[in-house]
Amino acid sequence: MKADKLLFGAAYYDEYLPEDRLETDMEMMEKAGINLIRIAESTWSTWEPQDGVFDFTHLHRMLSCSQKHGIQVIVGTPTYAVPTWLVRKYPDILTETHAGPERYGRRQNMDIAHPMYLKHAERLIRRLMEEVQPYSHVIGFQLDNETKSYDTCSTYAQKQFVTYIRDLFHDDLDLMNRAWGLDYWSNRIDSWEDFPDVRGTINASLGAAYQKFQRKLVTDFLAWQRDLVASCARPDQFITHNFDYDWIGHSYGMQPEVDQWEAAKALTVAGCDIYHPSAQDLTGKEIAFGGAIARSLKKDNYLVLETQAQGNHGWLSYPGQLRMQAFSHLANGANAVEYWHWHSIHNAIESYWKGVLSHNLKENATYREVCRIGADFAEHGTHLVNLKKHCAVGILLDNVSLDALRWFSIPGGPSYNEIFRWVFDSLYEMNVECDILSPNDIDLFSQYKLIITPALYSVSDELTAALKRYVETGGVLLSTFKTAVADRMLKIYHDDLPHGLTEVFGMTYDQFTDAVHVGLQKETGNCVHHWMELLLPEQSETLDRYDHPHWGDYAAITGHRFGQGYAAYLGCYTDSDVLKKLLAFLCAKAGIPMEEAVYPLVVRRGTNGLQKEIIYYFNYSETTMETVYHGPDARVLLAGQETVPSVSVKDRDKLTLHGWDFLILEEI
Amino acid sequence: MKADKLLFGAAYYDEYLPEDRLETDMEMMEKAGINLIRIAESTWSTWEPQDGVFDFTHLHRMLSCSQKHGIQVIVGTPTYAVPTWLVRKYPDILTETHAGPERYGRRQNMDIAHPMYLKHAERLIRRLMEEVQPYSHVIGFQLDNETKSYDTCSTYAQKQFVTYIRDLFHDDLDLMNRAWGLDYWSNRIDSWEDFPDVRGTINASLGAAYQKFQRKLVTDFLAWQRDLVASCARPDQFITHNFDYDWIGHSYGMQPEVDQWEAAKALTVAGCDIYHPSAQDLTGKEIAFGGAIARSLKKDNYLVLETQAQGNHGWLSYPGQLRMQAFSHLANGANAVEYWHWHSIHNAIESYWKGVLSHNLKENATYREVCRIGADFAEHGTHLVNLKKHCAVGILLDNVSLDALRWFSIPGGPSYNEIFRWVFDSLYEMNVECDILSPNDIDLFSQYKLIITPALYSVSDELTAALKRYVETGGVLLSTFKTAVADRMLKIYHDDLPHGLTEVFGMTYDQFTDAVHVGLQKETGNCVHHWMELLLPEQSETLDRYDHPHWGDYAAITGHRFGQGYAAYLGCYTDSDVLKKLLAFLCAKAGIPMEEAVYPLVVRRGTNGLQKEIIYYFNYSETTMETVYHGPDARVLLAGQETVPSVSVKDRDKLTLHGWDFLILEEI
Amino acid sequence: MKADKLLFGAAYYDEYLPEDRLETDMEMMEKAGINLIRIAESTWSTWEPQDGVFDFTHLHRMLSCSQKHGIQVIVGTPTYAVPTWLVRKYPDILTETHAGPERYGRRQNMDIAHPMYLKHAERLIRRLMEEVQPYSHVIGFQLDNETKSYDTCSTYAQKQFVTYIRDLFHDDLDLMNRAWGLDYWSNRIDSWEDFPDVRGTINASLGAAYQKFQRKLVTDFLAWQRDLVASCARPDQFITHNFDYDWIGHSYGMQPEVDQWEAAKALTVAGCDIYHPSAQDLTGKEIAFGGAIARSLKKDNYLVLETQAQGNHGWLSYPGQLRMQAFSHLANGANAVEYWHWHSIHNAIESYWKGVLSHNLKENATYREVCRIGADFAEHGTHLVNLKKHCAVGILLDNVSLDALRWFSIPGGPSYNEIFRWVFDSLYEMNVECDILSPNDIDLFSQYKLIITPALYSVSDELTAALKRYVETGGVLLSTFKTAVADRMLKIYHDDLPHGLTEVFGMTYDQFTDAVHVGLQKETGNCVHHWMELLLPEQSETLDRYDHPHWGDYAAITGHRFGQGYAAYLGCYTDSDVLKKLLAFLCAKAGIPMEEAVYPLVVRRGTNGLQKEIIYYFNYSETTMETVYHGPDARVLLAGQETVPSVSVKDRDKLTLHGWDFLILEEI
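Residues numbered from 1 in each chain as written. Chains lettered and ligands numbered in written order. Predicted model: local features only at pLDDT ≥ 70, side-chain atom pairs only at ≥ 80, totals over all residues. Heavy atoms only, no water.

(A) Highlighting unusual backbone geometry. The step from Trp340(A) to His341(A) runs through a cis peptide bond, and the omega angle for that step is 10°. Along the chain, His341(A) falls in the loop between strand 13 (334-340) and helix 12 (365-384). In this chain, Leu497(C) is followed by Pro498(C) through a cis amide linkage whose omega measures -10°. Along the chain, Pro498(C) falls in the loop between strand 17 (476-480) and helix 16 (502-505). One non-glycine residue with positive phi stands out, namely Ala40(A), at about 85°. (Helix = DSSP H or I, 4+ residues; strand = E, 2+ residues; numbered from the N terminus.)

What follows is the structure in structure tokens.
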């Protein structure tokens, strides 16, 4: 979706405010350059206080007032929190999870497979769409919010699951028992009626099949909402969804509970929320990986539908950081930056997840910085919107492999997302930009010079064939430990590992162990941690061996020229420095140019809608940093809060960035 | 209640003993100077082994024998543990809590809102009172024991809660929805019938309202028992309750589950239990804060109804410490010291919570020290009983603010009680004695020179007005961070913070964050932790600023002359040393004289019934300490185990205290 | 049971394999010298895929093929995991535990007191025995696997428990209430109908009685299976069980949930599984203690029915270690070493608990080492089988005391098994071999020179009398803290402690505390931890006192010549070095000769079937170690992977062992 301008805004909740200040808020927004609000999601009980009784007062207030102030609107369907009356009527709409029955109170506790939930949700969405229909400044819709299956294990869901499985195995129980290895511990199912509650299973194949089914519930749910919304929307209105990521107190990695590529098929534009550590912990990494995933969903620009203003406790940005964050989003391909949320909330659980305004709802330091960003966006937006990235590196992510590494985790070692972030963050620190690929992106492989598969545990034969073809025809491949171990049902292959790729890597292995006091022969110190595969190079060269009294004969890293390309395999989890050296070696092999600057200086590039190359420089640190510019003449589009460079730069010019500062160049 | 002597005793359980040794025990007690036992609480199944079948054999044995030995008795109502037959009859007397249904076994697991529990409890109490009636040496009654709501969330309790809430909001749902902010996450309740199970709520206002209601259940329960007991008691018999404190393996802070001021209205004299670390960890702090709270309940002396003899594992006192502890209780205003318990128990969960006697029930080192205390009490009691404290400092505690800091805790930072103890313990170490105040003690404010509000998150307008008046008319006020943030329903005020007090402090703030590597400009090191409010002094002086590259312009501590008084605000959680400096500064402002001695020397003062000033000196350390006496001539009433001073002291005399020693002076 | 050869094998599961490779596997086994497989346990659903429908295809395949290859078979009854159809039919076969209801999926989640479980299990066992009957190479049967009660608290189990208790107390409720101290906290039971759900109890006597009853369920269950199996077995077929040990990620100590001595009465030969840390963490300790317990069950050699091949993650042995482990088992008295399992599994929870073969099912490094062990066993087996140990030291273990130390644990301190391992491991490191004794082994006491009771909390008068007799007649006794505290119902004795043994030790105590900064006067540093009893020597000598400002007058270790013997009491938990000194002192007193070598050199001795003394030397370390041989001339039976010594050794010959190496001598 091509945007005509940068969108800048905040979620807004007239419903929550302790007094009528709608006009005041809109004036403050307008003054700040905010041109977008997101409304309506999560407030079902406000729109329908009793079964079939509707009240859209707040909706119309917000729509009328925003229209008056020239602020556009995204309307969210409010289905991710259910009203009290609905639960009283159908108590089992509160779902059952692995942890037992849910209680009323929080959001995202309902059974999205429950027919009465769906029936009531549909009625409300249709009514909402009717109400919204007259307003021309509603530019798009958000389906639900951060939808997941909420681990529903309800009777409805489990029945659907059995049907789905019967279909998958063509009603052949023997096929299922064999594929899943159910003889083990007497888990066989020899009649469909015997299918046990999935929640107790110790069979990873069955368990992961259920997790995949739960992701399908999400895909189906969003497609169903899309159909409802699309049937009432205008052609110029977009349909998006606010995808979130794996969460460890902030956005961390791939979302385990949603197949975002499948789910995004329902959308016209991808949206996401990105929350990240700030102040002394701000790195830009979450903004970069979140952006890369969002960009991959529709292979296009995306909307940041939520990000932090003052944020959760401890996230208050240093002066200037909020502005730096906003431009970091743009640098990764975002067309919108929307804060969650405008005002802080005076009650309930997120009272200390603070918005642009503090609880006194007056201008504050954050608001003043927002004003500055708004002015920047207005002034430079046409040069920054619709930035196209052109990455030479692709990282292949996979929900099934993520599930697998939960079922068969590395004891004390990194999770799937930690392995992903180990790879991603190393590239980030090297200023090598990358795209994210899904297992269904086989056709895109040839666009990349280097493809990396971090712990791609589960592979189909189709995928390994594609990777082989990719290397054969000149690509460079890096696979880490735990790549190509099991099939798509998590049955471990019983031929040589890495399955289907031994020829490509010129290497195999059949043993592995944990790494206690283990180094590499070409490195110093105990740089190997938690997991080491004992690689047996056959045709491959040994890039490094383990440094250990008993495992020193085994290779740790191998490389192999295969066809026109090159395939490296990294058999162990190492310090980031070791990985970076290997990545640099492979980038060189692949002919990928390296930036002179390295983290905490961050460089991001892309082509804007005017077909000009845009280069962002960020200094993610407290101290002043310098680098040298290489490239054609460029003009300084925008400088950060402290730097005052000359108006243009030439090849080999020195660039100076103060702490937490940034610089945007546009090639002339 | 004026006591005619010091009470010294132990809980006694003839029921539990492995052999008949009642006569032996009473002889040993008499020899030890024990003049009080507490009996009967917690042994319902002994008195009523089957429904309506009563057996008071043990009761009469204990009453007769104690009478013979001149030992007075407190009889406890035995309602805090339910018999097996009652649970079989009404299984749901075992209550449901947030954690789910209770199981039979432990005490304090019943639904105190259950009508059949109450009915059976009433019958037993009436019967017990009849049995006890003839014994003149029963000096008082204890209602139940350490009563709490046990987190009851039963149907009975939740129904009562809805009734209580309808009443609170005059049946106006809109008022409730607005006051509690229930629009958030679709939590609105638009029909009283829709009121959901409270246990899942994420709304702090609703959640805290339920916690307040649970405290009311306790208040009502004790009042109901008081009425039952009072109707059968003689006028000379007192009615007390054994209040306990927040528990972290020992008494720690304010009891979250009871509004002790409200509950104490049912009593004629306050009672409490105090358990504390001992041996190398003995500080006297728990004895002091527990005493201060107990003193505040009836604004009078109190009874220590339980404290440790040998105590739990690891609490065995060093020789002399038990005696020091007994006098520490007196020094804080106790009129009774009662051990839990006389003998150690040979079965069940508290077998290693040891009494005065060990399991072999013979004289031991602890018993020998008890004998010495008994003799001291007998000899000096008339000079030590009914000690009146006269504190210039008041600390304001509040259950609602405590709840609030659980709902909105400082991540990784101190809890409400930790903040209270940070303040209290600093004063303790400075030998500044203090009283505890409740939000209802407004009329008493003017008696104090310095009032401190640690994290007084929730304030009514009435209270802020009273604090303002207090400063205006000459008082010194110290408020810490998180004071005056929300109303009594935990809705955050939407005007400037601290709500209602910005004029008093001459300061406001609208942002805060966590404190990572933060100091103060007048202090060394990173002395600020977890929480920092970015104070914006307006009329106030800045007592100190943050030492931080980005927050250094903000004040951390402000002070403001307002009217006749002075108001300081401490915006961050600091090392104790920083707090002590501020407290010393404010004591000077308030004209509060300081002791020369500081912790581990502890000084406590009061006026005895003979209108003489009593001064206690304790050395809470292993090593010999010295200080200088300032004041009129005084005689040495009692010296500890090792010190032999002269019989009297004069102004500027040097006082020497050996390790774990004490000294009691009476001004002449 | 006298074995005619060493058994060497692996568990085998044709059912689980991804392709038909039975013939290949048996060929590989034969080549490796494997002469035994264990089959059938845990695969009920394979044999009976639907209620009453049987399919023994895999069984006959395995039996026929193994017979052809000369490989003997142990058949396990497959009752420790239940099929889906059985659970659908009787959902409550999934039991209720303290943690609530079980879910389907894992093994060992059923109610072994459930009549329909037992009925269906019986039918299957009978059918299986019929099928197996024709095969002469089936040498024995394993009853179930690692049977425990699985904490069943089902209605069936609790009803049986009440019956058992009524019987125990001759239907006398008063007796029970007194014995268990149920007056405490109103826990009395005054009608059998009132007996509450045991799961909530806080009464250790009741709780431990239920744990004992649960162990009885296991004993009864195995006896019932034995009867079933024995009725169909040939006289030459043995009956065994795979006992496991307390588990902390590997075998750790005594199994709390089984009275293995009672349960072993059902067997003709004891079996066990031993899993242990490996690689850098290999010590041989688990092999030694596990062997000692297994040896004690039938006072005979035992079968290691399961031990690790590649094992769980991180256990991959260094080259040579697997062989060292196999001989370590023999050195402790094992007649069989069986791997769990032959092949790695491609699905389900134990996919990474790897067998001899890796997932590709080809020869690998582990297989090659197994081949070497097989050849060793074949060559030297007649000299190594049926090794008889002759230990001078006995350690007395007790399930009831173990339970007690869970109910009354030492805060922050060692558990019962940690105390056992502290004693056992100290002896192991001193190369003092020991047997394990049960409280029923009174008649064997006189065979030992030194008996140790680690934390023997619960003692009967019969047992203390036996210990007294033992010392009186010349034995040396060492009791640690927490010995002889309570009766067999965990009621603490109310006479002087250690109950019944004060005369023997010439010592008593009545107080104890935790140990903070405490040493011993003859040792350096704070060598005392967690627990210290304040010993009052009467007739005893004081071997050491506490080093502490207040407890220094109390003894920490006492010794007492009593009758012909000597009794030492260690009142505190100390560093291992302190314990070792005391053990050396007592060994000297008892006339037990000490090895010159100490850990990491490990020496094990025994007499083989040819009445020759066998001496094993192991080097459990990375570095080369030396020691001196003392004894008659001996021939080198076998040397480890690197050492090449001369063919025989003489008194005072130097022995050199490389890292992870071993040496077996046979006296000439």
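Additional details are given in the paragraphs that follow.
(B) Summary view of the side chain of Asp14(C). Residue and element names in this part refer to chain C. Residue placement: Asp14 occurs in the loop between strand 1 (7-11) and helix 1 (22-32). Judged by its relative accessible area of 3%, Asp14 is buried. There is a polar contact of 2.7 Å between the side chain of Asp14 and the side chain of His58. Within the structure, the side chain of Asp14 is placed 2.7 Å from the side chain of Arg61, a separation counted as a polar contact. In contact with Asp14, not counting residues within four places along its chain, are Leu22, His58, Arg61 and Met62. (Buried < 20%, exposed > 50% of the residue type's maximum accessible area, 1.4 Å probe, protein only. Polar contact = N/O pair within 3.5 Å; in protein donor to acceptor, adjacent residues only side chain to side chain. Contact = heavy atoms within 4.5 Å.)

(C) Seen up close, the sheet that holds strand 33 (residues 662-667) of chain C. All names here are of chain C. Judged by pairing direction, the sheet is antiparallel, and its five strands sit side by side in the order 27-28-33-30-31 without closing on themselves. Edge strands, defined here as strands with exactly one partner in the open sheet, are strand 27 (601-607) and strand 31 (648-649). Where strand 28 (residues 613-619) lies against strand 33, five bridges are found, and the strand directions are antiparallel. When the sheet's bridge partners are listed, Ile615 is paired in strand 33 with Leu665. Here helix 11 (residues 321-331) sits on the sheet in contact with strand 27, strand 28, strand 30 (634-639) and strand 33, set at roughly 145° to strand 28. (Pairing = 2+ DSSP bridges. Axes fitted to C-alpha atoms, helices over the stretch in contact; angles between N-to-C directions.)

(D) A look at the interface of chain C and chain A. Listed per partner, the contact involves 52 residues of chain C and 55 residues of chain A. A combined buried area of about 4,300 Å² lies between chain C and chain A, and 55% of that area is made up of carbon and sulfur atoms. The largest share of the area that chain C buries against chain A comes from Arg103(C), His313(C) and Tyr352(C), three residues that together contribute 17% of it. For the pair chain C and chain A, the interface holds two salt bridges. For Asp194(A), the salt bridge goes to Arg88(C), with nearest N and O atoms at 2.6 Å. For the pair chain C and chain A, the interface holds 27 residue pairs in polar contact (both at pLDDT 80 or more). Where the side of chain C that touches chain A is concerned, the elements lending two or more residues are helix 2 (44-47), helix 4 (84-89) and helix 12 (365-384) of chain C. Of the residues that constitute the side of chain C that touches chain A, the class distribution is 21 nonpolar, 20 polar and 11 charged. (Buried area = accessible area lost by both parts, 1.4 Å probe. Salt bridge = Lys/Arg side-chain N within 4 Å of Asp/Glu carboxyl O. Nonpolar A, V, L, I, M, F, W, Y, C, P; charged D, E, K, R; others polar.)

(E) Up close: the relation of the copies chain A and chain B. Turning chain A through 120° and shifting it by 0.0 Å along the axis lays it on chain B, with an RMSD of 0.0 Å. Expressed as a symmetry operation, the mapping of one chain copy onto the other fits a three-fold axis. No C-alpha of chain A lies nearer the rotation axis than that of Gly100(A), which sits 6.7 Å from it. (Least-squares fit on C-alpha atoms with pLDDT ≥ 70 in both.)

(F) Representation of the environment of Ile349(B). Note on placement: Ile349(B) falls in the loop between strand 13 (334-340) and helix 12 (365-384). Sequence separation between Ile349(B) and Arg106(B) is 243 residues; the distance between their C-alpha atoms is 8.9 Å. The residues touching Ile349(B), leaving out its near neighbours within four places in the chain, are Tyr184(C), Trp185(C), Ile202(C) and Phe408(C).

(G) The packing of aromatic side chains, seen in detail. Enumeration according to the criterion identifies 142 aromatic pairs over all chains in this entry. Taking the centre distance of 5.9 Å and the plane angle of 50° together, the rings of Tyr352(A) and Phe512(B) count as tilted. A residue pair is termed interchain when its members come from two chains, as with Tyr352(A) in the loop between strand 13 and helix 12 and Phe512(B) in strand 19 (residues 512-513). The exposure classification of Tyr352(A) matches that of Phe512(B), with both residues buried. Their ring planes at 80° and their centres at 5.7 Å tell us that Phe8(C) and Tyr339(C) sit as a pair that is edge-to-face. With Phe8(C) in strand 1 and Tyr339(C) in strand 13 (residues 334-340), the pair connects residues that are 331 residues apart, well separated along the chain. Through pairs of rings, three or more aromatic residues link up here, namely Phe8(A), Phe327(A), Tyr339(A), Phe377(A), Tyr616(A), Phe618(A), Tyr620(A) and Phe662(A). It is Lys589(B) that lies over the ring of Tyr566(B); its NZ or CZ is 4.5 Å from the centre. (Phe/Tyr/Trp six-rings, centres within 6.5 Å; stacked < 30°, edge-to-face > 60°. Lys NZ or Arg CZ within 6 Å of the ring centre and 35° of its normal.)

(H) View of the domain arrangement of chain A. All names here are of chain A. Split by domain assignment, chain A resolves into domain 1 (7-147 + 218-384), domain 2 (393-590) and domain 3 (601-667). Here the C-alpha centroids of domain 2 and domain 3 sit 34 Å apart. Listed by partner, the interface residues are four residues for domain 2 and six residues for domain 3. Here domain 2 and domain 3 share an interface that buries about 500 Å² over both sides, 37% of which is from carbon and sulfur atoms. Looking only at domain 2, the three residues that lose the most surface to domain 3 are Tyr428, Asn431 and Glu433, adding up to 96% of its buried area. (Domains from an automatic or database assignment.)

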